[in-house]
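# Structural description and commentary
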Amino acid sequence: MNIPEFNRKADSLKKENRKFFDKLKTKKRKDLDGTFEAAHDEVFAHTNCLQCANCCKTTSPVFYQRDIERAAQALQMKPGAFIQQFLFMDEEGDFVLQQAPCPFLDAENYCRIYESRPTACREYPHTNRKKMQQILDLTYRNTLVCPAVLEIVEKLKSEIKF
């Protein structure tokens, strides 16, 4: 994956994608979940996240208490020590990583705590879930992080006509 090329493409499509998502928000579609899921399945049939890991290199998941406990246990740490060493509370009151790239990402883009990773990582990029209407702003932001999400949105733009 050529991340600089992806970043240029994502940036060049930013305004167009914002307009697309704004229209999706105003014109509610009953088939939106299924449309997203079909595009997600098609794109991820040929996507290997280990070749990219841009999400792990540039953003932080939210860590809920159960995520903190699970990750701390995997690292044989107490939850308080895990928070102190790796997390901080953001302006929205959520625990997020102190740094990017993720400190658990190794040189081959594998996660050192994969089996114990946070829920947000498990569900990323959130394009095959129910109630997509509720996370359209997040999905738009993910077009700037994840090449697969950008590809999914490009498919949707060609399928959904306004």
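You'll find the structure just up there.
None of these values were measured; they are calculated from a predicted model.

Okay, unusual backbone geometry next. In this structure, Pro101 follows Ala100 across a cis peptide bond, with omega equal to 0 degrees. Tracing the sequence through the fold places Pro101 in the loop between β2 (95–97) and α7 (119–123). Look at the link from Tyr124 to Pro125: it is a cis peptide, with omega at 10 degrees. Mapping Pro125 onto the fold places it in the loop between α7 and α8 (136–142). A positive phi angle is found at Ala53, which is not glycine, with a value near 60 degrees.

With that settled, the discussion passes to the packing of aromatic side chains. Counted by the stated rule, this structure contains six aromatic pairs. Taking 6.0 Å as the distance between ring centres and 65 degrees as the angle between the ring planes, the aromatic pair formed by Phe21 and Tyr140 counts as edge-to-face. Here Tyr140 lies in helix α8 and Phe21 lies in helix α2 (residues 14–26), a separation of 119 residues in the sequence. Summarising the burial analysis for this pair, Phe21 and Tyr140 share the class buried. Their ring planes at 10 degrees and their centres at 5.9 Å tell us that Phe82 and Phe104 sit as a pair that is stacked. Of this pair, Phe82 sits in helix α6 (residues 79–86) while Phe104 is found in the loop between β2 and α7, placing the two residues 22 residues apart along the sequence. No difference in accessibility class separates Phe82 from Phe104, as the two residues are buried. Feature note: the residues Phe63, Phe82, Phe86 and Phe104 constitute an aromatic cluster, connected by ring pairs. Over the aromatic face of Tyr140 sits the side chain of Arg18, whose NZ or CZ is 4.2 Å from the ring centroid. In this structure, Arg117 is placed above the aromatic ring of Tyr114, and the distance from its NZ or CZ to the ring centre is 3.8 Å.

Cut-offs used in this document
Residues numbered from 1 in each chain as written. Predicted model: local features only at pLDDT ≥ 70, side-chain atom pairs only at ≥ 80, totals over all residues. Heavy atoms only, no water. Helix = DSSP H or I, 4+ residues; strand = E, 2+ residues; numbered from the N terminus. Phe/Tyr/Trp six-rings, centres within 6.5 Å; stacked < 30°, edge-to-face > 60°. Buried < 20%, exposed > 50% of the residue type's maximum accessible area, 1.4 Å probe, protein only. Lys NZ or Arg CZ within 6 Å of the ring centre and 35° of its normal.

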